[in-house]
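Given next are the chains, with one letter for each unit.
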Amino acid sequence: MKGLGSRLRRFIFRTLPPAELLISRMAEDDLVAGLLAQPTQHSDPVYDTEKKLSEDHDMVADSLENEVDVIHEGMQFPTAEEFLTLRRVSDKIPWNAYLIAVVELAERFSYYGSSVVFTNYIQQPLPPFSRTGAGGANGQSGALGAGQQMSTGLITFYQFWAYICPIAGAYIADTYWGRYKTICWSVAVAMLGHIIMIISSIPGIIGSRASLGIFILSMVVTSTGTGGFKSNVSPLVAEQYRITKCYIAVTRSGERVIVDPAMTTTRIYMYFYLFINIGALIGQIGMVYAEKYIGYWLAYTLPTAVFCISPLVLWYGRNRYRKSPPQGSVLPAALRIWRYAQRGRWSWNPYKTIKNLTSDDFWESAKPSKQVDEKPRWMTFDDQWVDEVRRGFKACGVFVWFPLYWLCYNQLNNNLVSQAAVMTTNGLPNDVLSNLDPLALIIFIPICDLVIYPALARAGIRFTSLKKIAWGFGTAAASMVWAAIVQYYIYKTDPCGHYAATCVDANQHPLVSPLNVWIQSGSYVLIAFSEIFASITGLEYAFTKAPTNMRSLVMSVFLFTSAASAAIGEAFVCTSSSFVVVCERTLI
């Protein structure tokens, strides 16, 4: 372990990122605690396994600190006065981060490219005389004919499983394999799921009972691989930037500025999300036309082919990426500390219980130094580690309201697609309009990064993380208001009234509302803005707020909020035949 003098020198030059760019005011004390955190010195352990885990953690922490110190050699660090006067800028994004973003782009192409056609594949029947499910220019593509409730239920389950599996992926990465190896194996599992999905859509199988069973199996396998991938790729991309201290740089114009790692992390996640939506946009647009004019076998084969880019890029960068070795999962120990801290704080009075569980001294009783009697045998850590767990739990507390946000977002690929099917499309596939969401993100992410956020900073407006998330929630709610109003006028103008598109004309063609499908555009654009404010900030918050050894875990908790949203949505499947009810419930 390093000496006290070395620790003090590192502390002197270790600077606090600005709150408006990293975290909210309510968590600034947690950030300070995290910046002061040093490798944990454990007391004498009782269990050999816990001792081994503690020693491994110390060795990894020392190794990473040595690496960071070497990177900072030769840098000029700002003084206290310069922190108050100089402008802050972000650093360049490392190429390793772009490589990982390409892996994510290919994975998102496969995920969204295949899932965008799920609604029609499940809900609509196989078109007459079609062996591939293609509806042609004037027909409606379909395959299983299971109805809207089955469609919404299966898609909601798919989303639920894809975002509950990240917890298992985080545990495996932290305990056994590390993030890189877990990502590689998750890609293999997801690839197997895509292959099974192709089999379900082969002419001769598509539309049969066997097709439904094979398709459901493919959904389970694919979403399992997706879950292990998602919880680890987001921390891995930000870890490629190794500088952790603010330093002085001079621009081409001669201006002295502070290069802020916090702003760099924000930029990394902005462009990481940009790559996600490039993959989603290309995949979704291409696959809806493949579905409509050729068939589902092609709509599932092309995403699988593009997904093959991911293992190739992972192999190419195997010796370039900065990899965090497994340090042991902190989940069991963190939960045990949390339970221990609750002792004596429960009451029959709900108000008193909440007050006790949220008090400032909640975690103090779990610190080894505060134990009056003999410490429990499992308490083999020190006070600093309890502070790290506190930071992790507080970061997770911000995510409590995200299920309501994802409930709005999830309407993109089920109920909004169904809504488009009962409007006048003029030959446009009813599921192509959802691509306005990634298109808007591709346009507005660079604008926010290069224009809006810098302008707010120059104007002295502190657009903190919580403010961004609040704006994201507001724009998501506005998108559902837009959709509810559109649905009201669909019922008002459709010849079938409240049973839209269920009656037919003399040629047996469904009668739809005369409203043009492009009226839906507002919902998609508002959702896109909500993602910039809420979703990207959530990824950044999960990474920057979590202690180093809890990053995958906290990221998996953030992703779990989407699973919780899917579970809530599953409860409303029985109402999905009436889109107005879905919108009303979502707004609540």
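Residues numbered from 1 in each chain as written. Predicted model: local features only at pLDDT ≥ 70, side-chain atom pairs only at ≥ 80, totals over all residues. Heavy atoms only, no water.

K.L.:
Please clarify how the environment of Trp315 should be interpreted in this entry.
P.N.:
Of note, Trp315 is situated in helix 12 (residues 309-316). Note on Trp315: relative accessible area 56%, which makes it exposed. Expressed as a C-alpha distance, the spacing of Trp315 and Cys184, which sit 131 residues apart in the sequence, is 8.9 Å. (Helix = DSSP H or I, 4+ residues; strand = E, 2+ residues; numbered from the N terminus. Buried < 20%, exposed > 50% of the residue type's maximum accessible area, 1.4 Å probe, protein only.)

K.L.:
I tried to follow helix 10 (residues 261-293) on my own but got confused; where do I start?
P.N.:
Since one α-helical turn is 3.6 residues long, residues separated by three or four positions face the same way. Compared with the 48 Å implied by 1.5 Å per residue over 33 residues, the 48 Å span of helix 10 between its first and last C-alpha is a close match. The buried fraction of helix 10 is high, at 25 of 33 residues. Looking one or two places after helix 10, you find Gly295, whose phi comes out positive at around 145°. (Expected span 1.5 Å × (residues − 1).)

K.L.:
What exactly am I supposed to notice about the side chain of Asn96 here?
P.N.:
Summarising the element assignment, Asn96 is placed in helix 6 (residues 95-115). Residue class for Asn96 comes out buried when judged on its relative accessible area of 12%. A distance of 2.6 Å separates a polar side-chain atom of Asn96 from the backbone oxygen of Arg320. Once residues within four sequence positions are removed from consideration, Asn96 is found in contact with Gln240, Arg320 and Tyr321. (Polar contact = N/O pair within 3.5 Å; in protein donor to acceptor, adjacent residues only side chain to side chain. Contact = heavy atoms within 4.5 Å.)

K.L.:
Where do I start with the nonpolar core in this structure?
P.N.:
Formed by 129 residues in total, the largest nonpolar core has its most connected members in Phe118, Tyr121, Tyr269, Tyr300, Ile337 and Phe558. For this core, the leading source of residues is helix 10, giving 13 residues. Sequence-distant contacts of Phe118, defined by excluding residues within four places in its chain, comprise Ser151, Ile155, Tyr158, Met197, Phe215, Met219 and Tyr300. Phe83, Leu86, Cys246 and Ile248 belong to the second-largest nonpolar core, a separate cluster that totals five residues. (Core = buried A, V, L, I, M, F, W, Y, C linked by side-chain atoms within 4.5 Å.)

K.L.:
Any chance you could explain the pattern of salt bridges here in plain terms?
P.N.:
Once the charged atoms of two side chains with opposite charge are near each other, the side chains can pair. In total, this model carries 11 salt bridges according to the counting rule given. When the shortest N-O distance is used, the salt bridge between Glu104 and Lys230 registers 2.9 Å. Here Lys230 lies in helix 9 (residues 209-239) and Glu104 lies in helix 6, a separation of 126 residues in the sequence. Overall, Glu104 belongs to the buried group, its relative accessible area being 0%. Note on Lys230: relative accessible area 7%, which makes it buried. Put simply, Glu107 and Arg108 hold a salt bridge, and the shortest N to O gap is 2.6 Å. Both residues of the pair, Glu107 and Arg108, count as buried. Bridged by salt links that share partners, the residues Arg179, Glu239 and Arg551 form one connected network. (Salt bridge = Lys/Arg side-chain N within 4 Å of Asp/Glu carboxyl O.)

K.L.:
Would you mind showing me how to read the packing of helix 9 against helix 21 (residues 551-571) here?
P.N.:
For any two helices packed against each other, the geometry is given by the interaxial angle and the distance between the axes. As a packed pair, helix 9 and helix 21 sit with axes 8 Å apart at the nearest point and diverge in direction by 125°. Overall, the two elements helix 9 and helix 21 adopt an arrangement that is oblique. Viewed along their axes, helix 9 and helix 21 form a crossing whose handedness is right-handed. Across from Lys230, Ser231, Asn232, Ser234, Pro235 and Glu239 in helix 9, the residues of helix 21 making contact are Arg551, Ser552, Met555, Ser556 and Leu559. Along the lines of polarity and charge, the residues of the contact of helix 9 with helix 21 split into three nonpolar, five polar and three charged. (Axes fitted to C-alpha atoms, helices over the stretch in contact; angles between N-to-C directions. Parallel < 35°, antiparallel > 145°, perpendicular 65-115°, else oblique. Left-handed = near helix turned anticlockwise from the far one by under 90°. Nonpolar A, V, L, I, M, F, W, Y, C, P; charged D, E, K, R; others polar.)

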